[in-house]
Amino acid sequence: MKFRPWLVFAIAGAFAAPLSAEQHDEDPRALVARVVDEAGGADALRKRKDVEYTYLYRRGDTGTVDLSLERYLFDGERSWARYDVHEMVAPTVAGPVVQGYDGSTSWQTANGERQTDKESVARADFLRKTNFYWFAMTFKLLDPGMNYAYRGRRKVGDTVYEVVKLTFDQGVGDVSDTYLLYINPKTWRIDQFLFTVLDYGKKDPFLMEVDYEIVDGVLLPVKRRYTESDWSGKVKKGAKWNDEVSMGVRFDNGFEASIFEPPKP
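The structure displayed is predicted, hence computed values, not measured ones.

Draft legend 1. Highlighting the pairing of strand β5 (residues 106–110). With 5 of its 5 residues buried, β5 lies for the most part within the structure. Where burial is concerned, the two faces of β5 agree: the one with Ser-106, Gln-108 and Ala-110 and the one with Trp-107 and Thr-109 are both buried. Sheet topology note: the strand β4 (residues 97–101)/β5 ladder contains 5 bridges and is antiparallel. Paired with Gln-99 across the bridge in β5 is Gln-108. Counting the residues between successive antiparallel strands, the hairpin from β4 to β5 contains 4 residues, one of them, Gly-103, with a positive phi of roughly 105°. Pairing geometry for β5 and strand β6 (residues 113–114), over 2 bridges, is antiparallel. Residue Thr-109 lies in a different strand from β6, and its bridge partner there is Arg-114. Linking β5 back to β6 in an antiparallel pair, the connection comprises 2 residues, with Asn-111 at a positive phi of about 55°.

Draft legend 2. Spatial organisation of the nonpolar core. In terms of nonpolar packing, the biggest core is built from 56 residues, with Phe-135, Tyr-179, Phe-193, Leu-220 and Phe-251 touching the most fellow members. Here this core takes 7 residues from helix α3 (residues 118–136), the largest share from any one element. Core analysis: the second largest hydrophobic core is formed by 10 residues, Val-163, Leu-207, Val-235 and Trp-241 among them.

Draft legend 3. A look at the environment of Phe-255. Turning to its location among the elements, Phe-255 is positioned in the segment after β13 (242–251). On the basis of relative accessible area, Phe-255 is assigned to the buried category, the value being 16%. Note: C-alpha distance between Phe-255 and Arg-71 (184 residues apart in sequence) is 8.4 Å. Setting aside residues up to four positions removed in sequence, Phe-255 forms contacts with Asp-50, Val-51, Glu-52, Arg-71, Tyr-72, Leu-73 and Phe-260.

Draft legend 4. Looking closely at the pairing of strand β1 (residues 50–58). Summarising burial for β1: 7 of the 9 residues are buried, a large majority. Pairing of β1 with strand β2 (residues 65–73) involves 9 bridges; the strand directions are antiparallel. Residue pairing in the sheet places Arg-58 in a bridge with Val-65 of β2. Between β1 and β2, which follow one another and run antiparallel, lie 6 residues, and Gly-63 among them has a positive phi close to 80°.

Draft legend 5. Structural view of the pattern of salt bridges. Taken as a whole and assessed by the stated rule, the structure comprises 18 salt bridges. Arg-153 serves as the salt-bridge partner of Glu-26, at 3.6 Å between the closest nitrogen and oxygen. Taken as a pair, Glu-26 in the segment before α1 (28–39) and Arg-153 in strand β7 (residues 146–156) lie far apart in primary sequence, 127 residues in all. With relative accessibility at 27%, the residue Arg-153 sits in the partly exposed group. Residue Asp-125 is joined to Lys-129 by a salt bridge in which the shortest nitrogen-to-oxygen separation is 3.1 Å. Placement of the pair is Asp-125 and Lys-129 together in helix α3, with a separation of 4 residues, close to one helical turn.

Draft legend 6. View of α1. Taking 1.5 Å as the rise per residue, α1 with 12 residues should run 16 Å; its terminal C-alpha atoms sit 17 Å apart, in good agreement. Of all the residues in α1, the buried ones are Pro-28, Leu-31, Val-32, Val-35, Val-36 and Ala-39. All buried residues of α1 fall inside an arc of 135° around its axis, so they share one side. Looking at the buried side of α1, the elements it contacts are β7, β8 (159–168), β9 (179–184), β10 (189–197) and β12 (218–228). Of the residues trailing α1, Gly-40 is marked for its positive phi of about 135°.

Analysis parameters
- Residues numbered from 1 in each chain as written.
- Predicted model: local features only at pLDDT ≥ 70, side-chain atom pairs only at ≥ 80, totals over all residues.
- Heavy atoms only, no water.
- Buried < 20%, exposed > 50% of the residue type's maximum accessible area, 1.4 Å probe, protein only.
- Helix = DSSP H or I, 4+ residues; strand = E, 2+ residues; numbered from the N terminus.
- Pairing = 2+ DSSP bridges.
- Core = buried A, V, L, I, M, F, W, Y, C linked by side-chain atoms within 4.5 Å.
- Contact = heavy atoms within 4.5 Å.
- Salt bridge = Lys/Arg side-chain N within 4 Å of Asp/Glu carboxyl O.
- Expected span 1.5 Å × (residues − 1).
- Arc of directions from axis to C-beta.

In structure tokens form, the structure reads like this:
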């Protein structure tokens, strides 16, 4: 993932047909730009300053759940969350867990006390950047330092997708993952994509499927599910789907930058 987010599809686990033998002369950046434009434009989130929503993450193999109230300030990509259910984030903690990222420092508290151990700080850093990125991904696809390559057309179910490979310049973000975007030329939405998670040593891709909702004129990926796959998009045998759902999205809440800063000793 760059910087490091229960949808049942009609064709669950369907995988893409091999790359079309006919390579069309498409401009991959233009395809991505159309996706961003149809979603509301690259500046859609910055114009709305901040967001708050409830976020559910359910792990498929164990059924464990994290439930958080997420808040982001788009200026500086600041991120904050309060976990009221944290079966994965902090399974041994009884009270609320709070994480934050102020643009330079990630932090976590449990029952109001700052956690400084390496594992807690690393987890907070990963989740604050990951959750922000999954929410804002569509509007970051034209950020500086990105490379686009057209990979032809692939058919999934009844839809023929334009496929674009997305990579990142070295030094852009924490790791340089690879994405394969499946762009629906009828809706100009990314219905699914493949991605690596090098932060956790995952070189084989995951398949992410996405469902969208329009909130205040902005197209947002409010329901996602992902699982292990290969680069053709075929789900690995026995792989379980992990669910990510964003609920009650509200923009322009007037959050101050101070809430994202680490708590004072």
